[in-house]
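Examining the three-dimensional arrangement
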Amino acid sequence: MPRYLTKSRFKLGQDCPTKLYYTKKDEYLDTKLDDSFLAALSEGGFQVGELAKCYYPGGHDITSLDYEEAESQTNELLKQENVIIYEPAIKFKNLFIRIDILIKRGSHFELIEVKAKSFDSNDEQGFLTKSGKISSSWRAYLEDVAFQKHVLSEKYSDFTVDSYLMLSDKNSKCHVDGLNQKFRIVRDESNRTGIKVSNTLNKEDLKKKILIKVPVDDEVDLIMEDGNFLKSINELSSAYKNDKKILPNIGAHCGSCEFQCSIEEEEKGYKNGFKECWKEVLEWDDSDFNEPNILEIWSSRRKDKFIEEGKLKLTDLVEDDVEPAPDGRGGISSKERQWLQVEKVQNKDDSPYFDSHGLKLEMEKWTYPLHFIDFETSMVAIPFNKGRRPYEAIAFQFSHHIIYEDGRVEHAGEYLNTNVGEFPNYEFLRELKRQLEEDTGTIFRYSPHENTFLNHIYRQLREDESDIPDREELCEFIKTITTSSSSMAEKWEGDRNMVDLWDLVKRYYYDPATRGSNSIKAVLPAILNSSDFLQEKYGQPIYGTEKGIKSLNFKDWQWLEIKDGKVIDPYKKLPKMFTDVSDKNLEILTEDDELANGGAALTAYGRMQFSEMSEIERSELSSALLRYCELDTMAMVMIFEAWAAWAKYSEK
């Protein structure tokens, strides 16, 4: 295979030049999704790309994946005076691009790059900051266009080129129902991902555009005027062509490197690109990676500074490096928590930290029964319904556990709507309201996610022009259990405002086993391993039994099992959500940090909405969704129970 620098490889190289050496080599595992079908379900880019083509009918689609064949077909079409081509292949020297949409009129090109990203057409600054520089949030997209324009202009130097980004217009409302469902994500006979466009798609569907074509030549010129941009293209092109590894530049960005693998995978013969970089620069050996390093420090902005100073391991830090100090709120501040993490490592102390006094002060504010809720949500590029904007919030599922004052626990309720093409938010909210208004007990969430989405639904209710009989009641309910987001013109803080368990974790609890992560999927196994109360209670099949804990989706279930002295992660005990997905991709989808919610659930919802499946498959996937979401709120219950037991023990 020829080693061309494509636009995706150029983007990877801009992120980290060394990654070009690792990419697409079987011996280097890549922790990013390698299943384009799953990526399409979770990101929505395929559908947006196909809709954009519909705005330029009569074009020719270059579908071949073979470099030479695709280029030959493109060259033949470009002999025409005027032509529209989708995915044309353009090669110049060792640079190779596939342009989303290319329009040729005589000796003039329009280059259109389609992105599944929203754009505010009313924002006068557009892609620039107030100082006139390119916004960091748009730079990667604009550099992508600049790279393509460079290749196209060099290949056809006698032509003029206008370049555009085509984006979802956040101010445009869909004027028809069911538009989304006319773009179904499918796999073909070769297992390639594509879009099946319904034969019912008509001119009326496309009459009012929800995508906007934005000229970006001025921004591209700014990028091209920087000599480092063309220099970078040449260096990356040469390195990739010759399969030459560019010397790593290690830093905080290494923490998110996708070319990492486990020790078990290394023992099977796979290579760890992250380790290779650090070994090369720091002259480390394998034993150095067994010690916690500064990449693990939670929420620290000083990681690059520490690396520059040669402080690579947590044992290298002193208190002045972190500068821990209280912030005037209950519990420990962020800086104090960072230093706590460092101290635990330096003192070889693997015991959990728990502020029983501080948390008891918080507990005294709570009203029983306690409610624990978790939402599963989505935001789709092409709206389901008339009157909806691109990337509007969709809340399709919740789970709800209750703890009573006598310690009883029950899975009290849930909601799931997977009906194809249906906007579920208002029914979702009505059911949530019904379940939570039976008493005035304190409500818990994990992370700001639930508060944010209820604010979205509040805005939808206020802006919706259709007849909603209980609009005011629903809006008032939202205001009683939330705080207004900073973007809301109207300000409030509800009398029954949800308590964020994630925030309590950060301020009152830390277990070294989490290695700095506050994700519920990291906290749950850690607290199960350290809580005698949880081990005794859930080490037997009491969940989903008549005399035990009521459950809506489990029967005679035992949450806690120990293997080799460690608790088996309860999430790994659940049946696989996708039976046709590799273990690697499933692991990626189910990994969840404290701010990125529900990759697996979002993808499952996307599969039921945008792909073709049997009723049996739909039923099985719905059942899996219900179990996963139930565990999310049950995990919150178990965290609370462990804390309550520790707090009670500390009183003795």
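Analysis parameters
- Residue numbering note: each chain is counted from 1, following its sequence as written.
- Only residues with pLDDT of at least 70 are given local features in this predicted model, and only at 80 or more are side-chain atom pairs given and counted; all residues enter the totals for whole chains, interfaces and linings.
- Hydrogens are left out, water is left out, and the side-chain values use all remaining heavy atoms of the structure.
- Secondary structure follows DSSP: runs of H or I at least 4 residues long count as helices, runs of E at least 2 residues long count as strands, and numbering of each begins at the N terminus.
- It is over C-alpha atoms that the radius of gyration is taken, and the globule rule equals 2.2 Å times the number of residues to the power 0.38.
- Exposure is judged per residue with a 1.4 Å probe applied to protein chains only, and the accessible area is read against the type maximum: over 50% gives exposed, under 20% gives buried, and values in between give partly exposed.
- Using the Shrake-Rupley algorithm and a 1.4 Å probe, accessible areas are obtained, with residue cover drawn only from the displayed protein chains.
- Residues scored as positive are Lys and Arg, those scored as negative are Asp and Glu, and His as well as the terminal groups of each chain are ignored.
- Here the site of a charge means NZ on Lys, CZ on Arg, CG on Asp, or CD on Glu.
- We call two residues in contact when some of their heavy atoms are within 4.5 Å.
- In this analysis, strands are considered paired if DSSP registers two or more bridges between them.
- Note on terminology: a nonpolar core comprises buried Ala, Val, Leu, Ile, Met, Phe, Trp, Tyr and Cys residues joined through side-chain atoms within 4.5 Å.

For the protein, the count of helices and strands is 25 helices and 19 strands. Computed over C-alpha atoms, the radius of gyration of the protein comes to 27 Å, within 12% of the 26 Å expected from 2.2 N^0.38 for 652 residues, which places it in the range of a compact globule. Taking all 652 residues of the protein together, 54% fall into the buried category. Put simply, the protein shows about 30,700 Å² of open surface, and 46% of that area lies on carbon and sulfur atoms. Taken together, the 88 basic and 120 acidic charged side chains of the protein have centroids lying 2 Å from each other.

Within the secondary structure layout, A412 lies in strand β14 (residues 409-416). Taking C-alpha positions, A412 is 60 Å from V83, a pair spaced 329 residues apart along the chain. Residues in contact with A412, not counting those within four places in the same chain, are H400, H401, I402, Q435 and L552.

Here the focus is the pairing of strand β13 (residues 393-403). Counting buried positions along β13 gives 11 out of 11 residues, so the element sits mostly inside the fold. As paired elements, strand β12 (residues 370-379) and β13 share 10 bridges and run antiparallel to each other. Bridge pairing links F375 to F398 in β13. Where β13 lies against β14, 7 bridges are found, and the strand directions are antiparallel. Across the sheet, residue S399 finds its bridge partner in β14, namely E414. The antiparallel pairing of β13 with β14 creates a hairpin that spans 5 residues between the two strands, and G407 there sits at a positive phi of about 95°.

Time to look at helix α11 (residues 273-282). Looking at α11, one finds that the buried residues are G273, F274, K275, C277 and W278. Contact partners of the buried residues in α11: α2 (19-22), α10 (263-267) and α12 (303-308).

The nonpolar side chains of soluble globular proteins are, as a tendency, buried together. The biggest cluster of nonpolar side chains holds 93 residues, and the ones touching the most others in it are I101, Y446, Y538, W559, M577, M634 and W643. Broken down by element, this core gets its largest block of residues, 15 residues, from helix α25 (residues 615-650). Setting aside residues up to four positions removed in sequence, M634 forms contacts with H401, V409, Y538, Y543, I549 and W559. Within the second largest apolar cluster, 43 residues are counted, among which are Y4, L102, I134 and I223.

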